[in-house]
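# Report on the structure
Single-letter residue listing:
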Amino acid sequence: MKIAFPLVLFSTIFLLSFVSTESLVSHMGVEYVAEIHDAFNTADVVRVIVRLKDESGINIIGTEEERKELMRQRDEWFKPRVDEVLSNLTNDEFKIIRKNSDGFDGSITREGFDKLVNDTRVKAVYYNFEVQGTLDQGVSWINADEVWDNGYTGEGVKVCVIDSGVNASHLALTGKVV
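## Comments concerning the overall build of the protein
When its secondary structure is counted, the protein shows six helices and six strands. Ordered by position from N to C terminus, the α and β elements of the protein give α-β-β-α-β-α-β-β-α-β-α-α. Looking at the protein as a whole, 32% of its 178 residues are labelled buried. Residue pairs at least 24 apart in sequence account for 65% of intrachain contacts in the protein once pairs closer than 6 positions are excluded. Of the roughly 11400 Å² of accessible surface on the protein, 53% is carried by carbon and sulfur atoms.

Have a look at this one:
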């Protein structure tokens, strides 16, 4: 059995990035991470991913075709709500990069962030940052040298790229994301 070391290393570093993240909740019930506040100490704008609350009442169940249609309906339900939340932010407070099926992402000022965490339509605001792993730390964290000593190198193994911006409710991923 071959071990896909690069995937294991990336997954470990990816998961460790969340272990150190302190989750907070605003008085309006919006989830966010403390690193956003920290980032504002050194920058005027911070990259964030915003997810809205799903109050559509649409449950994605049924056959593949039924789920596709329900997914389309839910996406349509979210569109005006995304636009409504964005309309409360000025161009100076938020620069949108893209709209997602249940939210949006972009660069935000502290003032814009304060508006989002006080908006009852917002479910969560995530800090969108680049995760970089280095072999000098990662190898020891996952005992990779022991695996290498046993002859496993990952040579010939296909690697899957994991994107932390995954939409777990997407039809292709429903029930498959842990």
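## A closer look at helix α4 (residues 110-117)
The periodicity of an α-helix, 3.6 residues per turn, causes residues three or four places apart in sequence to face the same way. Where α4 is concerned, the buried positions are G112, F113, L116 and V117. Taken end-on, α4 shows its buried residues confined to a sector of 130 degrees, consistent with a single buried face. For α4, the secondary structure elements touched by its buried residues are β2 (31-33), α2 (34-40), β3 (45-52), α3 (64-87), β5 (103-109) and β6 (122-127).

## Considerations on the pairing of β5
Along β5, seven of the seven residues are buried, which leaves the element largely enclosed by surrounding structure. Looking at chain direction, β3 and β5 are connected through seven bridges and run antiparallel. Residue V46 lies in a different strand from β5, and its bridge partner there is I108. Two strands pair when backbone bridges link them, and strand β4 (residues 94-100) and β5 are joined in this way by six bridges, in the antiparallel orientation. By the bridge assignment, K95 is partnered in β5 with S107. Two successive antiparallel strands, β4 and β5, enclose a turn made up of two residues.

## Remarks on the sheet that holds β6
As summarised here, the arrangement of the six strands in space is β1-β2-β6-β3-β5-β4, forming an open sheet in which the pairing is mixed. The strands lining the two open edges of the sheet, one partner per strand, are β1 (23-25) and β4. If you compare each strand with its neighbour and ignore which way they point, the axes differ by 25 degrees on average. The strands that α4 touches are β2, β3, β5 and β6; relative to β5, the one it contacts most, it runs at about 140 degrees.

## What to know about the pattern of salt bridges
Taken as a whole and assessed by the stated rule, the structure comprises 12 salt bridges. For R47, the salt bridge goes to D105, with nearest N and O atoms at 3.6 Å. Remark: D105 occurs in strand β5 and R47 occurs in strand β3; sequence separation between them is 58 residues. Given the relative accessible area of 31%, R47 is considered partly exposed. A residue is classified by how much of its surface remains accessible, and D105, at 3% relative accessible area, is buried. Residue D83 pairs with K99 through a salt bridge whose shortest N-O separation is 2.5 Å. With a gap of 16 residues between them, D83 in helix α3 and K99 in strand β4 connect regions that are remote in the sequence. The class of K99 is partly exposed, set by a relative accessible area of 49%. One connected set of salt bridges, linked through shared partners, spans R47, R98 and D105.

How each quantity is defined
- Residues numbered from 1 in each chain as written.
- Predicted model: local features only at pLDDT ≥ 70, side-chain atom pairs only at ≥ 80, totals over all residues.
- Heavy atoms only, no water.
- Helix = DSSP H or I, 4+ residues; strand = E, 2+ residues; numbered from the N terminus.
- Buried < 20%, exposed > 50% of the residue type's maximum accessible area, 1.4 Å probe, protein only.
- Contact = heavy atoms within 4.5 Å.
- Areas by Shrake-Rupley, 256 points an atom, 1.4 Å probe, with all protein chains shown as cover.
- Arc of directions from axis to C-beta.
- Pairing = 2+ DSSP bridges.
- Axes fitted to C-alpha atoms, helices over the stretch in contact; angles between N-to-C directions.
- Salt bridge = Lys/Arg side-chain N within 4 Å of Asp/Glu carboxyl O.

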